[in-house]
Amino acid sequence: MYDILVTGGAGYLGSVLVRQLLEKGNRVTVLDNFMFGPNSLMDCCDYETFQVVRGDTRDRSLLAGLVKGKDMVIPLAALVGMPLCHRDTLGAETTNTGAIKTLTEVLSPQQKILIPITNSGYGVGQEGIYCTEETPLNPISLYGKTKVDAERIVLDRGNSVSLRLATVFGARKRMCWDLLGNELFYRAVNDRFIVIFEGHFKRNYIHIRDVAKAFMHVIDNFETMKDEPYNVGLSDANISKLQLCAEIKELLPDFIYIEAELGEDPDKRDYIVSNEKIEKTGFKPDYTLKRGIIELIKAYTVIVDSRYRNV
Ligand SMILES: NC(=O)c1ccc[n+]([C@@H]2O[C@H](COP(=O)([O-])OP(=O)(O)OC[C@H]3O[C@@H](n4cnc5c(N)ncnc54)[C@H](O)[C@@H]3O)[C@@H](O)[C@H]2O)c1
C-alpha cells in the first residue's frame, strides 16, 4: 500500500481514481483548487486515509511540503482540452508543464511519478498506420504541446511512467463537457441532431473506469513498466466521428447527424493508435464503446442544461 499525492484529484478522472486508490487501502492526499466545484470527492471524505488540500499545484512551497513522505505523485492537475488552454494560454503553460517541472525538482529520485498525457500528442497520423509509442510526437494544439512537454520532463527524470490516454468517455459527477465523446452524447440525447465537421477524422476512445484500471495496473507493475510511455485506449475503437455517430444512432434511432461541407474542426487531431504495448503487460479494458454509449444515454437523460430555456 502506498502514500500517494494526487494533484487535480477533484476532476473528472480523479473523482474515479481517488476512490479506487482508497478502496485498495492506499493513503491519498488530493491537492486541488476546485475550479469546477466541490462535489466530486464527497464520497471519499469518510476515509481516514484521505486528506484534502485546497490550493494551487503551481505553488512551489505548498507542493514541496505535500510531497514529503509520499511514495508516489499522480499529477492530474491541468487545464484540460484545447478550448480551455486557448482561453488561458499562460495558465495552460504554467499548470500543464511548469508545475510538472517544479514537481520533478521537489521530489527525491526514489519517489515515483505516474502522469497521464493525451494521445492527441500524435497530431495528424498517416492513413492506415497505427501510432505506437515509437511514433514521433507532433502535437498540434497548445494543450497537446504542454502535455507532451510534461511527459518529456517526467520521463527524462526517471522512476516514472506516462500513460498516453485516448479520449475519455463515461459518466461521472464531474462531467467534462468539452471532450468530443461526452459533448456529442449530450447533443444526441437532448437535441437529437448534430452537425459534424470533418467527420472522417479518427481518434481512439477509452472508458473512464478503464483509465482508473490502467492507473492501478501501473501501480501494481511499476518496477517492470517504469521509464516508458504507454498508449491507453480501446483497440477496437479507433473510429471516425461519423462512425461514432452511427454507433449512437443504432441505440437512438431518431438521432440525426449530418456532415457540413463548409467549416473545419479547430482540433485537427486525426490518427489511429495501437495499444498493444500496455496490453502485452497484461492490461485489458472492461468497457466496450457500446456499453459506454448506453451509460451516457442514461446520464444525459438525467443531465439537462435548461437554464436559459422554458422547457
Ligand atoms: N479526460 C480526458 O479525456 C483526458 C485524456 C488524456 C489525458 N487527460 C489528463 O488527465 C488529467 C486529468 O484530466 P480530467 O479529465 O480529470 O480533467 P479535469 O479538468 O476534470 O480535472 C483537472 C483538475 O485539476 C484541477 N486544477 C486545475 N488547475 C489547477 C491548479 N493550478 N492547481 C490545483 N488544481 C488545479 C481542477 O480543479 C480539476 O479538478 C489531466 O492531466 C489531463 O491532461 C485527460
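Quick caveat, the model's predicted, so the values are computed rather than measured.

Here we come to the overall build of the protein chain. Helix and strand counts for the protein chain stand at eleven helices and 14 strands. Whereas a compact globule of 311 residues would reach a radius of gyration of roughly 19 Å, the protein chain reaches 19 Å, a difference of no more than 12%. Principal axes of the C-alpha set define a box for the protein chain whose edges measure 55 × 45 × 40 Å. Taking all 311 residues of the protein chain together, 55% fall into the buried category.

Residue Phe-34 is not a glycine yet carries a positive backbone phi of 55 degrees. With respect to the secondary-structure elements, Phe-34 resides in the loop between strand S2 (27–32) and strand S3 (50–54). Look at Phe-34 and you get buried, because its relative accessible area is 15%. Positive phi is not limited to glycine here, since Asp-227 has a value of about 70 degrees. Of note, Asp-227 is situated in the loop between helix H8 (222–225) and strand S11 (228–232).

Further remarks concern the site of the ligand. The full set close to the ligand counts 29 residues, and Tyr-12, Leu-13, Asp-32, Tyr-143 and Lys-147 are the nearest of them. The separation between an oxygen atom of the ligand and a polar side-chain atom of Tyr-143 is 2.7 Å. Here the ligand has 830 Å² of accessible area as a free molecule, and 98% of this is covered by the chains. Looking at the shell around the ligand, the elements with two or more residues in it are strand S5 (112–118) and helix H5 (142–157). Counting residues per element, the shell around the ligand draws most heavily on S5, at three residues.

Moving on: the sheet that holds strand S10 (residues 202–207). Within the open sheet, the three strands sit side by side as S8-S10-S12. Their pairing is mixed. Each having just a single partner strand, strand S8 (167–169) and strand S12 (238–240) make up the two edges of the open sheet. Averaged over all pairs of adjacent strands, the angle between their axes in this sheet comes to 50 degrees, without regard to strand direction. Inspection of the sheet shows S10 paired to S12 by three bridges, in the antiparallel sense. Paired with Lys-202 across the bridge in S12 is Ser-240. Against the sheet, helix H9 (residues 241–251) contacts S10 and S12, and its axis sits at roughly 90 degrees relative to S12.

Here we come to empty space enclosed by the protein. Under the counting rule described, the total for this entry stands at two cavities of 30 Å³ or more. Its boundaries defined by the atoms lining it, the largest cavity holds a volume of some 60 Å³. Contributing to the lining of the largest cavity are Met-82, Ser-120, Ile-140, Ser-141, Tyr-143, Gly-144, Asp-267, Lys-268 and Arg-269. Of the residues in the lining of the largest cavity, the class split is three nonpolar, three polar and three charged. Lining of the second largest cavity is provided by Thr-7, Thr-57, Leu-63, Pro-75, Ala-77, Thr-95, Ala-99, Ile-100 and Leu-103. In terms of residue count, the dominant contributor to the lining of the second largest cavity is helix H4 (residues 89–106) (four residues). Looking at side-chain class alone, the lining of the second largest cavity contains six nonpolar, three polar and no charged residues.

Looking now at the pattern of salt bridges. Scanning all chains against the criterion turns up 13 salt bridges. Note that Glu-23 and Arg-19 form a salt bridge whose closest N and O atoms lie 3.1 Å from each other. Of the two residues, Glu-23 and Arg-19 are both situated in helix H1 (residues 14–23); the distance of four residues between them amounts to about one turn of the helix. Measuring nitrogen to oxygen at the nearest pair gives 2.6 Å for the salt bridge that ties Asp-254 to Arg-192.

The next point concerns helix H7 (residues 208–220). A rise of 1.5 Å per residue sets the reference length of H7, with its 13 residues, at 18 Å; its end C-alpha atoms lie 19 Å apart and thus fit the reference within 8%. The element H7 is extensively covered by neighbouring structure, given that ten of its 13 residues are classed as buried. Within the span of H7, buried status applies to Ile-208, Asp-210, Val-211, Ala-212, Ala-214, Phe-215, Met-216, His-217, Val-218 and Ile-219.

Take the layout of surface pockets next. Its volume calculated, the second largest pocket comes out at about 190 Å³. In this structure, the second largest pocket is lined by Gly-125, Gln-126, Glu-127, Gly-128, His-200, Lys-202, Asp-270, Tyr-271 and Ile-272.

Here is what the cut-offs are and how they apply
Residues numbered from 1 in each chain as written. Predicted model: local features only at pLDDT ≥ 70, side-chain atom pairs only at ≥ 80, totals over all residues. Heavy atoms only, no water. Helix = DSSP H or I, 4+ residues; strand = E, 2+ residues; numbered from the N terminus. Rg over C-alpha atoms; globule rule 2.2 N^0.38 Å. Buried < 20%, exposed > 50% of the residue type's maximum accessible area, 1.4 Å probe, protein only. Near = heavy atom within 4 Å. Polar contact = N/O pair within 3.5 Å; in protein donor to acceptor, adjacent residues only side chain to side chain. Areas by Shrake-Rupley, 256 points an atom, 1.4 Å probe, with all protein chains shown as cover. Pairing = 2+ DSSP bridges. Axes fitted to C-alpha atoms, helices over the stretch in contact; angles between N-to-C directions. Contact = heavy atoms within 4.5 Å. 1 Å grid on protein atoms, 1.4 Å probe; cavity = no way out; pocket = protein on both sides within 12 Å on 5 of 7 lines; lining within 4 Å. Points joined across faces, edges and corners; volume = space filled by probe spheres on them. Nonpolar A, V, L, I, M, F, W, Y, C, P; charged D, E, K, R; others polar. Salt bridge = Lys/Arg side-chain N within 4 Å of Asp/Glu carboxyl O. Expected span 1.5 Å × (residues − 1).

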